[in-house]
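Given next are the chains, with one letter for each unit.
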Number of protein chains: 8
Amino acid sequence: MSQQDIRSILQAVSDQKLSPEEAMTRLKLEPFQDLGYAKVDHHRELRQGVSEVIYGAGKTPEQIIGIAGAMRDRGQQTILITRIDQAAADRIAAVHPLRYYDQAKVGLIGEMPEPDGDGTIVVACGGTSDLPVAEEAAITAEALGNKVVRLYDVGVSGIHRLLANMEPIMTARCIVAVAGMEGALPSVIGGLADVPVIAVPTSVGYGASLGGVAALLSMLNSCASGVSVVNIDNGFGGGYLAHIINHLGKKA
Amino acid sequence: MSQQDIRSILQAVSDQKLSPEEAMTRLKLEPFQDLGYAKVDHHRELRQGVSEVIYGAGKTPEQIIGIAGAMRDRGQQTILITRIDQAAADRIAAVHPLRYYDQAKVGLIGEMPEPDGDGTIVVACGGTSDLPVAEEAAITAEALGNKVVRLYDVGVSGIHRLLANMEPIMTARCIVAVAGMEGALPSVIGGLADVPVIAVPTSVGYGASLGGVAALLSMLNSCASGVSVVNIDNGFGGGYLAHIINHLGKKA
Amino acid sequence: MSQQDIRSILQAVSDQKLSPEEAMTRLKLEPFQDLGYAKVDHHRELRQGVSEVIYGAGKTPEQIIGIAGAMRDRGQQTILITRIDQAAADRIAAVHPLRYYDQAKVGLIGEMPEPDGDGTIVVACGGTSDLPVAEEAAITAEALGNKVVRLYDVGVSGIHRLLANMEPIMTARCIVAVAGMEGALPSVIGGLADVPVIAVPTSVGYGASLGGVAALLSMLNSCASGVSVVNIDNGFGGGYLAHIINHLGKKA
Amino acid sequence: MSQQDIRSILQAVSDQKLSPEEAMTRLKLEPFQDLGYAKVDHHRELRQGVSEVIYGAGKTPEQIIGIAGAMRDRGQQTILITRIDQAAADRIAAVHPLRYYDQAKVGLIGEMPEPDGDGTIVVACGGTSDLPVAEEAAITAEALGNKVVRLYDVGVSGIHRLLANMEPIMTARCIVAVAGMEGALPSVIGGLADVPVIAVPTSVGYGASLGGVAALLSMLNSCASGVSVVNIDNGFGGGYLAHIINHLGKKA
Amino acid sequence: MSQQDIRSILQAVSDQKLSPEEAMTRLKLEPFQDLGYAKVDHHRELRQGVSEVIYGAGKTPEQIIGIAGAMRDRGQQTILITRIDQAAADRIAAVHPLRYYDQAKVGLIGEMPEPDGDGTIVVACGGTSDLPVAEEAAITAEALGNKVVRLYDVGVSGIHRLLANMEPIMTARCIVAVAGMEGALPSVIGGLADVPVIAVPTSVGYGASLGGVAALLSMLNSCASGVSVVNIDNGFGGGYLAHIINHLGKKA
Amino acid sequence: MSQQDIRSILQAVSDQKLSPEEAMTRLKLEPFQDLGYAKVDHHRELRQGVSEVIYGAGKTPEQIIGIAGAMRDRGQQTILITRIDQAAADRIAAVHPLRYYDQAKVGLIGEMPEPDGDGTIVVACGGTSDLPVAEEAAITAEALGNKVVRLYDVGVSGIHRLLANMEPIMTARCIVAVAGMEGALPSVIGGLADVPVIAVPTSVGYGASLGGVAALLSMLNSCASGVSVVNIDNGFGGGYLAHIINHLGKKA
Amino acid sequence: MSQQDIRSILQAVSDQKLSPEEAMTRLKLEPFQDLGYAKVDHHRELRQGVSEVIYGAGKTPEQIIGIAGAMRDRGQQTILITRIDQAAADRIAAVHPLRYYDQAKVGLIGEMPEPDGDGTIVVACGGTSDLPVAEEAAITAEALGNKVVRLYDVGVSGIHRLLANMEPIMTARCIVAVAGMEGALPSVIGGLADVPVIAVPTSVGYGASLGGVAALLSMLNSCASGVSVVNIDNGFGGGYLAHIINHLGKKA
Amino acid sequence: MSQQDIRSILQAVSDQKLSPEEAMTRLKLEPFQDLGYAKVDHHRELRQGVSEVIYGAGKTPEQIIGIAGAMRDRGQQTILITRIDQAAADRIAAVHPLRYYDQAKVGLIGEMPEPDGDGTIVVACGGTSDLPVAEEAAITAEALGNKVVRLYDVGVSGIHRLLANMEPIMTARCIVAVAGMEGALPSVIGGLADVPVIAVPTSVGYGASLGGVAALLSMLNSCASGVSVVNIDNGFGGGYLAHIINHLGKKA
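Starting from 1, residues in each chain are numbered consecutively following that chain's sequence as written. Following the order in which they are written, the chains are lettered starting with A and the ligands numbered starting with 1. It should be noted that, the model being predicted, local features are given only for residues of pLDDT at least 70 and side-chain atom pairs only at 80 or more, the latter also being counted only at that level, while totals for whole chains, interfaces and linings use all residues. Think of the side-chain values as coming from all heavy atoms in the structure, minus any hydrogens and water.

Asks: When you look at the domain arrangement of chain A in this model, what are you seeing that I'm missing?
Replies: Size of an interface, as often reported, equals the accessible area lost when the parts are brought together. Residues and elements named next belong to chain A. Each domain's extent is set by a domain assignment, obtained either automatically or from a database. Taken domain by domain, chain A holds domain 1 (3-7 + 27-109) and domain 2 (120-251). Throughout, a residue-residue contact means that at least one pair of heavy atoms, one from each residue, lies within 4.5 Å. Taken together, the contacts link 13 residues of domain 1 with 14 residues of domain 2. With both chains or domains summed, domain 1 and domain 2 bury close to 1,200 Å², and 66% of this area falls on carbon and sulfur atoms. Take the accessible area each of two parts loses on contact, using a 1.4 Å probe, and add the two losses: that sum is the buried area. On the domain 1 side of the interface with domain 2, the three residues burying the most area are Arg83, Gln103 and Ala104, jointly 36% of the side's total. When a carboxyl oxygen of Asp or Glu lies within 4 Å of a side-chain nitrogen of Lys or Arg, that pair is called a salt bridge. For Glu136, the salt bridge identified is with Arg83, shortest N-O distance 3.3 Å. Elements with a contribution of two residues or more to the side of domain 1 that touches domain 2: helix H3 (37-47), strand S1 (51-55), strand S2 (78-82) and strand S4 (106-109). Basically, the charged four are Asp, Glu, Lys and Arg, the nonpolar ten are Ala, Val, Leu, Ile, Met, Phe, Trp, Tyr, Cys and Pro, and anything else, Gly included, counts as polar. Looking at the side of domain 1 that touches domain 2, its residues break down into 8 nonpolar, 4 polar and 1 charged. Only DSSP runs of H or I covering at least 4 residues are called helices, and only runs of E covering at least 2 are called strands; the numbering of each starts at the N terminus.

Asks: I would appreciate a short explanation of the interface of chain E and chain D in the present structure.
Replies: Contacts between the two partners involve 23 residues from chain E and, on the opposite side, 23 residues from chain D. Taken together, both faces of the contact between chain E and chain D bury some 1,900 Å²; the carbon and sulfur share is 71%. Taken as a group, Ser157(E), Glu182(E) and Asn221(E) account for 29% of the area that chain E buries against chain D, more than any other trio of residues on that side. Our count for the contact surface shared by chain E and chain D stands at 0 salt bridges.

Asks: Sorry if this is basic, but what is going on with the pattern of salt bridges here?
Replies: Oppositely charged side chains are able to pair whenever their charged atoms sit close together. Considering all chains together, one arrives at 43 salt bridges over all chains under this definition. Where Arg150(E) meets Glu135(E), a salt bridge forms, and the shortest distance between an N and an O atom there is 2.6 Å. Remark: Glu135(E) occurs in helix H6 (residues 131-143) and Arg150(E) occurs in strand S6 (residues 147-151); sequence separation between them is 15 residues. Any residue under 20% of the maximum accessible area for its type is buried, any over 50% is exposed, and the rest in between are partly exposed; the area is computed with a 1.4 Å probe on protein chains only. We classify Arg150(E) as partly exposed; its relative accessible area is 31%. For Glu135(E), a relative accessible area of 10% translates into the label buried. Among the ionic pairs, Glu142(F) bridges to Arg150(F), the shortest N-O distance being 2.9 Å. Ionic contacts of the salt-bridge type, sharing partners, join the residues Glu135(A), Glu142(A) and Arg150(A) into one network.

Asks: I tried to follow the relation of the copies chain E and chain D on my own but got confused; where do I start?
Replies: Both copies of the chain are related by one operation, a rotation about an axis with a shift along it. Least-squares fitting of chain E to chain D yields an RMSD of 0.3 Å, with the superposition described by an axial translation of 0.0 Å and a rotation of 180°. Expressed as an axis order, the relation between the two copies is that of a two-fold axis. Scanning chain E for the C-alpha nearest the rotation axis identifies Ala184(E), at a separation of 2.7 Å. A share of 100% of interface residues in chain E that are also interface residues in chain D marks the association as one of identical surfaces. All copies are superposed by least squares; the fitting set is the C-alpha atoms of residues with a pLDDT of at least 70 in both.

Asks: What should I look at first to understand the interface of chain A and chain B in this one?
Replies: Counting from both sides, the interface comprises 37 residues of chain A and, opposite them, 37 residues of chain B. Polar contacts, as used here, are pairs of N or O atoms within 3.5 Å; protein pairs need one atom able to donate a hydrogen and one able to accept it. Residues neighboring in sequence count only if both atoms are side-chain atoms. Taken together, the connections running from chain A to chain B amount to 6 residue pairs in polar contact (both at pLDDT 80 or more). Secondary-structure elements contributing two or more residues to the side of chain A that touches chain B are H3, helix H8 (166-171), helix H9 (185-192), helix H10 (213-220), strand S9 (227-229), helix H11 (235-246) and helix H12 (248-251) of chain A. The element best represented in the side of chain A that touches chain B is H11(A), accounting for 5 residues.

Below you can see the structure in the form of structure tokens.
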């Protein structure tokens, strides 16, 4: 409820068009809506062409079917569902028009929207084992309306592969750098690019990788400026933040 | 060195205006300029009105004086020096026109530049103990040409103070949320705002704060989307990334 | 054995009504019974209308059936059994009149008692994934004779949901705040309420949540006073302590 | 702002006694004041006879003198200042009537208030090295208006000393159990008493005590019910929570 | 090979009773036999009436059958096999006369030997969940020829149960104290007894027990003297060390 | 108080030689003395010729002087004081006849007692940096009446030095193995000897030694049986436990 | 591209033999080709007689079959595949001539090459549980063309077994020392040998072994010089590095 | 003592040229010389022209002066002393001809020897803060007779600086890669070079660098083969191992 809305209600009361009790009810209905207005704006923006998101982990297919159904009833056209397996996807797809991306373990109801961001987002990762997390980031960004360039297999132990792909890195609006094991990729990219680099550590590795903690610590200690970090394996978080950054121009 | 520059050199050689040896020297001078071109652009941009940065920790005042002198000789007008104490600042100030910000432990040679970013940056923190890190972030951002709004003393244990300051949060281009102890501030802000939130954990606390690790972990696990994290006490990193985000509109 | 009892025995000896040997035997019989009296009182109190508790983890259904049978033979009417799965519950229910709460993984033999506490206990949690732990706390408290108000889905990343539910928080006698991931909920509630807040970290999360350690550390570092913490996923411990606090008025 | 207040404003608008614009201003002015009311109540209660608290760590004596002066100007009579050393205390005492408790490193401006709690608080600790933290807890509780019984030197490696002091433990309203090293004291006390036991781990120890983490973990894993834990060395937190519990009867 | 032996060989060479080549062979034959003599003695002692030990974890039943067969062929009468499950035990029992202790997951080929130690060994533990580790310790000690007194269910949260069993504790030659969760039992026993207390932490617990690390740290920080610690869940190690201590009188 | 004592008191009451009140007082005086009888015995034993111990860390010289004075007044002839520096020792030595062992940072009032143990105790360590901890163990054992053989500079990286000293290892009653860094010494010795090996990790090392945690973990995982571990740098604990083991023969 | 190459191009431009555009193309074509040459050399060397390596973990048998097929098409004769189970090996063996080493979980397509290294590589390990990692190291080294001497069952708790096998240790070119639990083997070997010792910690152990971290830390703190460490369970890494060291003579 | 030597002694005894007693003395003199022969060889080799090493940390200047004096008396010409400060160096230099390298905190008595290794050793590091550790490695290697090429300031956040220095990396016999913070340098170099890369993590950094643990973990998880790791800040260990590798050709 905008300040304008409140003002209208008050004017209506003053004009005797609304009783104090009716005004009370309206004001009570969503008493903290002014706190949430950015979110509401944001949601409205999201609804116009792009996806809402369901975090699938820990939810049954039935629960997801229900939630998605409610969203579609409200007019939502594209819905992103993260962290579901093939079996869950199959059951959802029997009810809703879902396309399943098996590497990313992500499902999308509705059409992938047209990109409307300020530029392109690069999603880079080093090894094939990091691919599921990288794809979660990439498809999240695409489903929210971003053009994504994938740079896979550009790990720092073969630095020439990364250097052979400088063009997209140099022209990106934001870069999501996904890496497990020693987690050095964001540092190297952060030294080459001058846009925000979102580092996503993965749990790929064994022994002293400590389930991704080694990569996480490495990224937090990056000697390159412009690098920030999200949780281990949080491809969605990386893709979502990249989307926000890539749509800042829409706010101005 | 742009491709155009290389082409000009080659043309000059072809036109016999430049000997191969002279061309060699020019090409050798910055042999990896094509790798670094974004950085060079970036540096050029930085040189026009805003600061270069010297990381002061572990450097003697004499070393800093020398580096700053070389920068000024190259035409650099404003130079930010982080992590220096009052004594070092005094010795530098005897040679260069330095202004010292004692809370942030940051010095600035030259004038604070006019803000030329896309919007404003909010730097928020919870308690007075987090102030030095918050100020390092704020002054870094200001020295790089950003308008900064400070929201201090808005810790989550007194949530009404944060809620009473929603206006700047809702209109910011980027938010730097600084917090020690339980590190919850970025999560709460991330749930309210729809712009990138850069979480800076601080080492403020004792016992189970584990030197800031508790706050760091808390931030990495934020249940709010759009939050990413930099190293403990890395106010500079937070302010620098906020600056990059707040100048993305300049790139388009 | 109270000091009065010892005195009586000594007097009886002095009066020749008791031989030294008989006195010796009595004194030897339960030499530490005075240590246990509070517990005995406490147990007696518990037996009057409320539950005894069986910690089900690591016990076979047969063992639980046996223990519960012995309790019922002693006159115990309501018995709470924590951490059992549906299969175990089914087998126990074939012998004892057990009702199973599947979210909490808790079973109750006998009737839920009438609340007789000093006030109400609020059990709050942030996300649906924290629900099993929250329910373990809530049902534990109910089974011990407390009125419980549940505030679920009030996570700090959507602070307005919490703020819309201030009434029960402000009128509770004790609050159990359950949260995983960044674990910020108890800090925010602790800043709003002026009653004891028992923080229960959960193992909900992944990566840097380190199995609930991130939430645990966050809660231990709470910047709000009046917050204390129990073990990760220890919903029973939270509910039990809330019960003790909510029955202190009975002691006076 | 209560619902009644909002209703009054709306009625005034309806009665034309208040213009919509004026109503708007009032509604906007303190939109979250209702959130804070418990705290306000709480503060008011605290001001009536008992202490307000200044966390002294990281504050200069001058800052503390200023804050305390402002409090006294507002009519505050007793002010507790934690974590200050003798030198700071001396400087504050030159301005305000401060009494310094050197073991607890706590200062008190004004008179120690009369106890007005529901019962007594026991503060127990094992060794002389834990005394500073125990005293911080004890004096905090006393300064907030509680009767405190100190049980020092009752460590579990000499269990008979604890058993010789069962009377105060059995009659307390709340127990603060302070222990470093192996941190077993709260478990033993929690098994004897039937009131809330607040465990305060201390950093006393060396090597594998890991700065108090060993004691902290021990306490979190207590096999006794009714035990909860605060941060390492957080004597103030333990004393404060004990105070809240010991004044719950005042709320009814 | 003692210096006397070497001297004899050299004398024999000098006396031409032994050729240099023969001397060389003898010197080469068992160059490290003197290093191993204690072990050889020890083994010899063990073979006289008591068990040898096979660590069963990671070995197939077939491998164990083979090893045990070889031992029996060498005349070994009792053989202890640790960490085997019922299925493995059944297959071994089809070949060798094995008795399986299912709680301890230990099998014994041959008869349990008569105790021949210096005194009794007490194995104490707090809760039923610690029983498997306690039994591994107890049966190990028994199989090596020790009289064992079991004190189970004497956890520190019900200290009177421990105090009611002081007789065996006060008369033991060595005490193995097994505990999970907060691991306080060895500290309390160490404060009561004046014999070596071997602390065995168990992985019993959840959350902040960190797989037994909490109990381990607690025990290492014991404020009682005379306590030492073995690895988590290492009941065998505790029982074995107790056996060595309880047979020291045999060495004199 | 023995059962015989209680019987005597009761008889005296029965004989009218003692009033019930006087009996009460006597019984009350030391109500748990029967719990402590071993300790009392133990103390008595200690007083006969050997040392009592004052843990000096965290005590002022004045406090130590006072405690030692009280002990000497009670007839104690030798008093061991651990963890004091030269300055403290000098001040104590001005009042009491103290001899200071500067490497061990231990002081001894009175004469070093004649050894009266069952055998010898070996204290072994690897490098010169471990010497202070090894000496604390050695002098503790000596001051309690044990014959100690020192084997220093026998680290595992020069295994021949250890092997050249097998005689004392093979004939010891108990071995204290002190090691920092990789902490392998107890494992190697435990494989050679058949007596209890008490492993004392030290904080010697840097980086990944983590303040002695690396050595501690190494020792807890020793593949040799008969090894147990005390806290990092706890030379006193190692020496004290060795003393108990070396005097078990006195108990029989 | 060497400086000489660039000079030639520039001279050609100056001589009008090359147009600026053609020069531009050449300079742009493979700007990083010089970066990759060592690898190319290295690969070429590897292809001559020895194996290429496929890291099997996380790859399906079908993927491995495809990769191996492509390699064989390129003329590769021996291919090492690490971390595959029997089932995967069987499926691959249906297509390619694969021999499976089940302890090492390694498969080899083609013939084991003739050793052509500078000397021999010793692979040593302590217990049978470490065998899989040791075999991974040994077969990796063999498949890359090295002569390997296996010293298994030489753990430090039976030091005489190691000392009885000094000959191969003293004559090796490089030693891979594999150990779990306390991880002391590399320290002891490093003190005996004067060649590089590559320490491979294993995850063998339980409790305080922390999944191999105890052994890892132990090895990093080795008091012997010449020891370096690879990741936990990284037998391949140990064998590969040993191969590089054992072929350095080929480079000269 | 070689087997040939023993044979000669025995023959001399047989030939009556040596008495048994004399033979005994010779055999006794170095009873484990056969174990240590490599070391003896090694030491002999070291004495011929290159340095012996004194680990200076924890030793007084006087102790170092004494040890160095003894070495020089035995004919040692160059002696390396690590981890001493300027003051200690000055005192030593008053007695012995010492040259102090202040960045490395290393002193050298005698002349720097002529390089006699198989090739060159590259010591690389990223930032100026890592220089002390890098210099410790470099001077250690030089003092042991190796040619060292220093590549400083080649951190991964400015990858072009590293790429501009490929020549020495591609022609080195061994590379020591020193890095703090995110520790990525060894991974990048390991991907470029085909010789052993010794990774030396440094404690440079703050917050989440955890005193060098972040860099250490990063290096242990290197995705490049041929990389192994030594302890944090262990420049000496890196330089020493590089020396061993660079002198392997001397052994053949």
